[in-house]
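# Notes for the structure review
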Amino acid sequence: MNKVARTEIGKFSHFFPFSATIVTSHFDGKDNAMAVAWHMPVSANPPLYGVGISSGKLSWEYITKTMEFGVNFMPFEAAELVAATGGPSGRKIDKFKSFGLKKDASIATSAPILSEAYAAFECVVEKQAEYGDHTLFIGRVVALHHLPEAYDERGRLNLNIVKPTLYLGGDNYLQITTFNTPHLDRKETAEDLARRNA
Ligand SMILES: Cc1cc2nc3c(=O)[nH]c(=O)nc-3n(C[C@H](O)[C@H](O)[C@H](O)COP(=O)(O)O)c2cc1C
């Protein structure tokens, strides 16, 4: 394969696929939800989770005002909700009403938790920093909601039970229809590769 190298980055999408989440927020009696594909774990202890949101969004405003947000991990059956919440702004419509979004009770924040999510975090913002055209909100995960049966004892998602909404950028999604989950022991694999390259 002949790769091409360039310093003109252009469309910034080569990191996909990522899972696409729905970030929720609540302010002044109103709930909002937006699709967010730019998200990542930042620390395990304490548990910190980051989301990248550009400043024109209503969610940006709500999160900045309340310092709280929810991150909802959605099964592929709910991919339409991800796409729809990534369309019109909550400034124009009530997405909860228009898209029939249902909520579970939040236990530590005012951020709505979506009933369709197979896992969700309630987060309190610890740091907020602007990078280029996005703001990185780093939230401390103060509550976890999840379907216990979808995870094994080590916290790994069982893909026979839940298939996440994976996203390729633009309006393109990735559906898992067949899969295998190979186990690569890191120590043995490193030794094996080193032996083969000796
Ligand atoms: C799959 C998908 C992923 C998205 N990811 C992000 C993201 O990571 N950050 C962002 O600022 N906007 C992202 N968007 C766009 C917002 O979801 C969209 O602008 C939304 O309407 C903002 O809603 P709000 O104004 O109600 O907050 C994404 C859209 C889609 C469809």
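To be clear, the structure that these remarks concern was listed above.
What counts and what doesn't
Residues numbered from 1 in each chain as written. Predicted model: local features only at pLDDT ≥ 70, side-chain atom pairs only at ≥ 80, totals over all residues. Helix = DSSP H or I, 4+ residues; strand = E, 2+ residues; numbered from the N terminus. Buried ≥ 20, exposed ≤ 12 C-beta atoms within 10 Å, placed from the backbone. Contact = placed C-beta atoms within 7 Å. Near = placed C-beta within 6 Å. Expected span 1.5 Å × (residues − 1). Pairing = 2+ DSSP bridges. Axes fitted to C-alpha atoms, helices over the stretch in contact; angles between N-to-C directions.

So, about the overall build of the protein. The helix and strand inventory of the protein stands at 4 helices and 12 strands. Taken along the three principal axes of its C-alpha coordinates, the protein extends 65 × 45 × 35 Å. Split into buried and exposed, the 198 residues of the protein put 27% on the buried side. Look at the contacts in the protein between residues 6 or more apart in sequence, and 63% of them connect residues 24 or more apart.

Mapped onto the secondary structure, His 26 falls in strand 2 (residues 21-27). Of the residues examined, His 26 has 21 C-beta atoms within 10 Å and is grouped as buried. Beyond its immediate sequence surroundings of up to four residues, His 26 is in contact with Asp 31, Tyr 62, Thr 66, Ser 110, Ala 111 and Pro 112.

Let us look at the site of the ligand. With respect to spatial proximity, 22 residues lie near the ligand, and among them Trp 38, Ser 59, Gly 86, Ser 89 and Gly 90 are the closest. Those elements that provide at least two residues to the shell around the ligand are strand 3 (30-36), strand 5 (48-53), helix 1 (58-66) and helix 2 (79-85). Counting residues per element, the shell around the ligand draws most heavily on strand 3, at 4 residues.

An ideal rise of 1.5 Å per residue puts 16 Å on 12 residues; helix 4 (residues 186-197) measures up with 16 Å between its terminal C-alpha atoms. Counted residue by residue, helix 4 has 0 buried out of 12 residues, so it is predominantly exposed.

The next point concerns the sheet that holds strand 2. Strands pair in a sheet through their backbones, by hydrogen bonds, and they do so in one of two ways: parallel or antiparallel. Strand order in the open sheet made by the 7 strands is 3-2-6-9-10-5-4, with antiparallel pairing throughout. Of all strands in the sheet, those with a lone pairing partner are strand 3 and strand 4 (39-43), marking the two edges. Shown here is a sheet whose adjacent strand axes are inclined to one another by a mean of 35°, direction ignored. Where strand 5 meets strand 10 (residues 134-146), 6 bridges bridge the pair, whose relative direction is antiparallel. Residue pairing across strands places Gly 52 opposite Leu 136, the latter belonging to strand 10. Lying over the sheet, helix 1 contacts strand 2, strand 3, strand 5, strand 6 (68-73), strand 9 (119-131) and strand 10, oriented at roughly 55° with respect to strand 2.

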